[in-house]
Amino acid sequence: MPVRIQTQDFDAGAEIAALRRGNPKIGAVASFIGVCRDANDGDAVTKMTLEHYPGMTEKALEKIVAEAKQRWNVMEALVVHRVGEFKPSDQIVLVVVTGAHRGEAFAACEFIMDYLKTRAPFWKKEETPQGARWVEARASDDEAAQRWEPPKSSAA
Amino acid sequence: MKVKVLYFAGLRERLGKSGEELDVSPAVTTVAGLRTLLMARGGAWQTALAQGKALRVAVNQELAQPTTPVKPGDEVAFFPPVTGG
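Reading the values: the criteria
Residues numbered from 1 in each chain as written. Chains lettered and ligands numbered in written order. Predicted model: local features only at pLDDT ≥ 70, side-chain atom pairs only at ≥ 80, totals over all residues. Helix = DSSP H or I, 4+ residues; strand = E, 2+ residues; numbered from the N terminus. Rg over C-alpha atoms; globule rule 2.2 N^0.38 Å. Buried ≥ 20, exposed ≤ 12 C-beta atoms within 10 Å, placed from the backbone. Pairing = 2+ DSSP bridges. Axes fitted to C-alpha atoms, helices over the stretch in contact; angles between N-to-C directions. Parallel < 35°, antiparallel > 145°, perpendicular 65-115°, else oblique. Left-handed = near helix turned anticlockwise from the far one by under 90°. Contact = placed C-beta atoms within 7 Å. Nonpolar A, V, L, I, M, F, W, Y, C, P; charged D, E, K, R; others polar.

Undergrad: Give me the lowdown on the overall build of chain B, citing residues and values where you can.
TA: Assigned secondary structure in chain B consists of three helices and five strands. Scaling as 2.2 N^0.38, a compact globule of 85 residues should have a C-alpha radius of gyration of about 12 Å, and chain B matches this with 12 Å. Overall, the C-alpha framework of chain B stretches about 35 × 30 × 20 Å when taken along its three principal axes. Taken over 85 residues, chain B has a buried fraction of 28%.

Undergrad: Residue-level account of the sheet that holds strand E7 (residues 84-86) of chain A, with values.
TA: All names here are of chain A. Taken in spatial order, the four strands line up as E7-E5-E9-E10 in an open sheet, and their pairing is antiparallel. What marks the edges here is a single partner per strand, and that holds for E7 and strand E10 (131-134). When strand polarity is set aside, the average angle formed by the axes of neighbouring strands in this sheet is 20 degrees. Relative to E10, strand E9 (residues 122-128) runs antiparallel, the two sharing four bridges. For Glu127, the partnering residue across the bridge sits in E10 and is Ala132.

Undergrad: Report on the packing of helix H2 (residues 56-71) of chain A against helix H3 (residues 102-119) of chain A, specifying residues and quantitative values.
TA: Residues and elements named next belong to chain A. Running from amino to carboxyl end, H2 crosses H3 at an angle of 150 degrees, the nearest separation of the two axes being 10 Å. Comparing the axis directions of H2 and H3 gives the class roughly antiparallel. The two elements H2 and H3 cross, and the hand of that crossing is right-handed. Across the interface between the two elements, Ala60, Leu61, Ile64, Val65, Ala68 and Arg71 from H2 touch Ala108, Phe111, Ile112, Tyr115, Leu116 and Arg119 from H3. The residue makeup of the contact of H2 with H3, split by class, is ten nonpolar, no polar and two charged.

Undergrad: I'd like a rundown of the interface of chain B and chain A, residues and numbers included.
TA: Interfaces are frequently sized by the accessible area removed from exposure as the parts join. Listed by partner, the interface residues are 14 residues for chain B and 23 residues for chain A. Every element with two or more residues in the side of chain B that touches chain A is listed here: helix H1 (9-15) and strand E5 (75-79) of chain B. Residue composition of the side of chain B that touches chain A, by class: nine nonpolar, five polar and no charged.

Undergrad: Give a detailed account of unusual backbone geometry, specifying residues and quantitative values.
TA: Positive phi is not limited to glycine here, since Asp41 of chain A has a value of about 50 degrees. Of note, Asp41 of chain A is situated in the loop between strand E3 (39-40) and strand E4 (43-44). Although it is not a glycine, Gln61 of chain B adopts a positive phi angle of roughly 70 degrees. By the secondary structure assignment, Gln61 of chain B is in the loop between strand E3 (56-59) and strand E4 (62-64). The class of Gln61 of chain B is partly exposed, set by 18 C-beta atoms lying within 10 Å.

These results come straight from atomic positions and should not be treated as a statement about function.
This is the structure:
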């Protein structure tokens, strides 16, 4: 399965080894790990809770992975996203893409993360000394995802 | 017509429920129509679903637009912009 939602932590090394196993054509492995920070928007963050929309989350991520594999010449892609409770420094998400060469693997990995940030139904709630609050979506995430959109045709 | 409506994250908290089975008038044919119907409940429904609020909608677990049709048996979810990763 290219997509997994789980509460337990992941071992990036083991996941990468499993993805590479038995495929000597792989020449590049690009990966990204998203981690819980101890501060956001100027406030200390002591704890974070991540919720999602079971069913839609898996579908949305599978669609993103399928689109990445269609756009770039890559071999395998894996997304592991955790939900539940987090402390600072806890791992949240892992994306791994394998391919023959680094360029396409890097691009596909970044694309998957940018689309995940704007299209996969996850929500973060963080606890700060001022109380609990839902994390606001960032315009910079929309702009990052926008980069991958095909240019609009200028047909009159 | 019966539809299943779900609410997530901050919206769920403001509305005080995570979902409900609704029997709505066949006059409701789109996401925008369903939103208007829910807003007519007033109070938190009126303010949390107000036009101009950053709100995302999915129909049958696919991101949808205000004009997306709503049919009997559909699952319609309302939620804030996503913040995963």
